[in-house]
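Descriptive analysis of the structure
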Amino acid sequence: MSVAIIGLVQGAGVSQGTPNPDGRYPDVSRDFLGQGAANMATSLVGGIPAGGSVSGTVLIMSAGARTRWSNIFVGLFVALIVLLAGPLVERVPMPALAALLIVAGFQGLRVAQAQLAWNTGLISKVVMVVTFVATLIMPLQFAVLFGVALSILLQTIRQSNKVVVTQWVLQPEGFPLEQPSPKRLPSHQFTLLNVYGSLFFAAAKNIEEMLPEVGNATHAVVAINLRGKSEIGSTFVTVLQRYSQALHSRHSKLMLVGVDPVVRDQLAKTGMLKLIGDENVFVATPQLGAALNQAVAAANIWLGQPPSGSAPGKA
């Protein structure tokens, strides 16, 4: 697995670091497919797996390569040299080969791209430095695996810390007014919330802590806008379940607005659609705001009714 990852990382690095002669960059997916097919074919004749090589690419380009055929001819020439002049190749001193690799490696440095990655953000800096140091003190395959795992871990932590829940206050005219989510849920009111960020793993737990506390609120409606969320995680489903149950215990209800059909299917399969109520889940439409208008109309009708157990006119 580590060898495969190294090969793919090197291939992606060469593809995205070296454009074609026409200035366009290759399709990484097709490069991966070709590389995998070539390695599988090579294994049938006793070959070893190979990947993209920054130093090899720089070397043949400095020698005048212009098209993909250069790699084919290089392979043919190397095969002929090994077969016909093997004893002479053995006499090439190792320092000369080392110098050749050093020159090719130096020419392959992408200082501008390294600066771009460094200036992108803290995660890029940490992964770059840690992976570089790891390559100096441990085998390459373990260093690459360590860098990949570290990148995934830091990205997950970053996503969980980038979650924001805000309140949209509807205006008589124009667009809604966005403001921080209330700490406590007001009674007899419609509260519209919008979630920015991931709905998976630790991020979902952070969302739960940002939702308005139900407390002693009664006969309230909370609507969560999920437009643009094509999938939700099991942790977020659990958050919705607990919050919906807390609202039901206070004669209140939860609505979901702008729900993607895939998300609605997830809610149905997990039993959340039955818990929330099919009438309280408004599927997104191509027209922006249509699902929200439907939810507002339904909430106003429900809020105009007295809560269960209350006398008319005293709600």
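Structure shown above.
Quick caveat: nothing in here was measured; it's all calculated off a predicted structure. (Residues numbered from 1 in each chain as written. Predicted model: local features only at pLDDT ≥ 70, side-chain atom pairs only at ≥ 80, totals over all residues. Heavy atoms only, no water.)

This part takes up the overall build of the chain. A count of helical and extended segments in the chain gives 13 helices and 6 strands. For the chain, whose C-alpha radius of gyration is 30 Å, the value lies well above the compact-globule estimate of 20 Å for 315 residues. With the C-alpha coordinates of the chain rotated into their principal frame, the extents come out at 105 × 40 × 35 Å. Buried residues in the chain amount to 30% of all 315 residues. Taking as baseline every contact in the chain between residues at least 6 positions apart, the subset at least 24 positions apart corresponds to 71%. Of the roughly 19800 Å² of accessible surface on the chain, 65% is carried by carbon and sulfur atoms. Put simply, the chain has 21 plus and 14 minus side-chain charges, and the middle of one group is 4 Å from the middle of the other. (Helix = DSSP H or I, 4+ residues; strand = E, 2+ residues; numbered from the N terminus. Rg over C-alpha atoms; globule rule 2.2 N^0.38 Å. Buried < 20%, exposed > 50% of the residue type's maximum accessible area, 1.4 Å probe, protein only. Contact = heavy atoms within 4.5 Å. Areas by Shrake-Rupley, 256 points an atom, 1.4 Å probe, with all protein chains shown as cover. Lys, Arg positive; Asp, Glu negative; His and termini not counted. Charge placed at Lys NZ, Arg CZ, Asp CG, Glu CD.)

By the element assignment, Ser70 lies in helix H4 (residues 69-90). At a separation of 2.7 Å, a polar atom in the side chain of Ser70 contacts the main-chain carbonyl oxygen of Thr67. Not counting residues within four places of it along the chain, the set of residues in contact with Ser70 comprises Ile60 and Ala65. (Polar contact = N/O pair within 3.5 Å; in protein donor to acceptor, adjacent residues only side chain to side chain.)

Generally speaking, nonpolar side chains in soluble globular proteins are found buried as a group. In this structure, Ile224, Leu254, Leu256 and Leu267 are the most contacted members of the largest nonpolar core, which totals 32 residues. The element best represented in this core is helix H10 (residues 234-248), accounting for 6 residues. Other than its neighbours up to four places away in sequence, Leu267 contacts Ile232, Leu240, Leu256, Val259, Met272, Leu273 and Val281. Core analysis: the next-biggest nonpolar cluster, separate from the first, contains 13 residues, Met255, Val257, Phe282 and Leu303 among them. (Core = buried A, V, L, I, M, F, W, Y, C linked by side-chain atoms within 4.5 Å.)

Looking now at unusual backbone geometry. Positive phi values are uncommon outside glycine, yet His188 reaches one of about 55°. Structurally, His188 is set in the loop between strand E2 (177-180) and strand E3 (190-196). Residue His219 is not a glycine yet carries a positive backbone phi of 50°. Taking relative accessible area as the criterion, His219 reaches 2% and is therefore assigned buried.

Taken as a whole, the largest pocket holds about 1800 Å³ of empty space. Lining of the largest pocket is provided by 39 residues; of these, Gly52, Thr57, Ile60, Arg68 and Asn71 occupy positions nearest its centre. Counting only elements with at least two residues in the lining of the largest pocket, the list comes to helix H1 (2-17), helix H2 (28-43), helix H3 (54-62) and H4. For the lining of the largest pocket, the residue count by class is 17 nonpolar, 16 polar and 6 charged. Space inside the second largest pocket adds up to approximately 1500 Å³. (1 Å grid on protein atoms, 1.4 Å probe; cavity = no way out; pocket = protein on both sides within 12 Å on 5 of 7 lines; lining within 4 Å. Points joined across faces, edges and corners; volume = space filled by probe spheres on them. Nonpolar A, V, L, I, M, F, W, Y, C, P; charged D, E, K, R; others polar.)

Turning our attention to the sheet that holds strand E5 (residues 253-259). The 6 strands are arranged E2-E1-E3-E4-E5-E6 in an open sheet whose pairing can be described as mixed. Among the strands making up the open sheet, the edge pair consists of E2 and strand E6 (281-283). Across the sheet, the mean angle from the axis of one strand to that of its neighbour is 25°, orientation sign disregarded. Strand contacts of helix H11 (residues 261-269): E5 and E6, with the helix running at about 145° to E5, the strand carrying the most contacts. On the sheet, helix H13 (residues 290-303) packs against E3, strand E4 (221-225), E5 and E6 and is oriented at approximately 165° with respect to E5. (Pairing = 2+ DSSP bridges. Axes fitted to C-alpha atoms, helices over the stretch in contact; angles between N-to-C directions.)

Scanning the model with the defined rule gives 2 aromatic pairs in all. Between Trp69 and Phe73, the aromatic rings sit 6.2 Å apart at their centres with planes inclined by 40°, giving tilted as the arrangement. Taken as a pair, Trp69 and Phe73 lie in helix H4 at a separation of 4 residues, close to a single helical turn. Judged by relative accessible area, Trp69 falls into the exposed class, the value being 56%. (Phe/Tyr/Trp six-rings, centres within 6.5 Å; stacked < 30°, edge-to-face > 60°.)

Enumeration according to the criterion identifies 4 salt bridges in this entry. With a closest N to O distance of 3.7 Å, Glu213 and Arg184 form a salt bridge. Note that Glu213 is positioned in the loop between helix H9 (201-210) and E4 and Arg184 in the loop between E2 and E3, a separation of 29 residues in sequence. In this structure Glu213 comes out as partly exposed when scored by relative accessible area, which is 44%. Under the relative-accessibility criterion, Arg184 is labelled exposed at 57%. Notably, a salt bridge pairs Arg264 with Asp278, separated by 2.9 Å at the nearest N-O pair. On the criterion of sequence distance, the pair formed by Arg264 in helix H11 and Asp278 in the loop between helix H12 (272-276) and E6 is long-range, its members being 14 residues apart. Asp278 sits in the partly exposed class, given a relative accessible area of 43%. Taken together, the salt bridges that share partners define one network made up of Lys205, Glu208 and Arg242. (Salt bridge = Lys/Arg side-chain N within 4 Å of Asp/Glu carboxyl O.)

Purely spatial values, then, with no claim about function.
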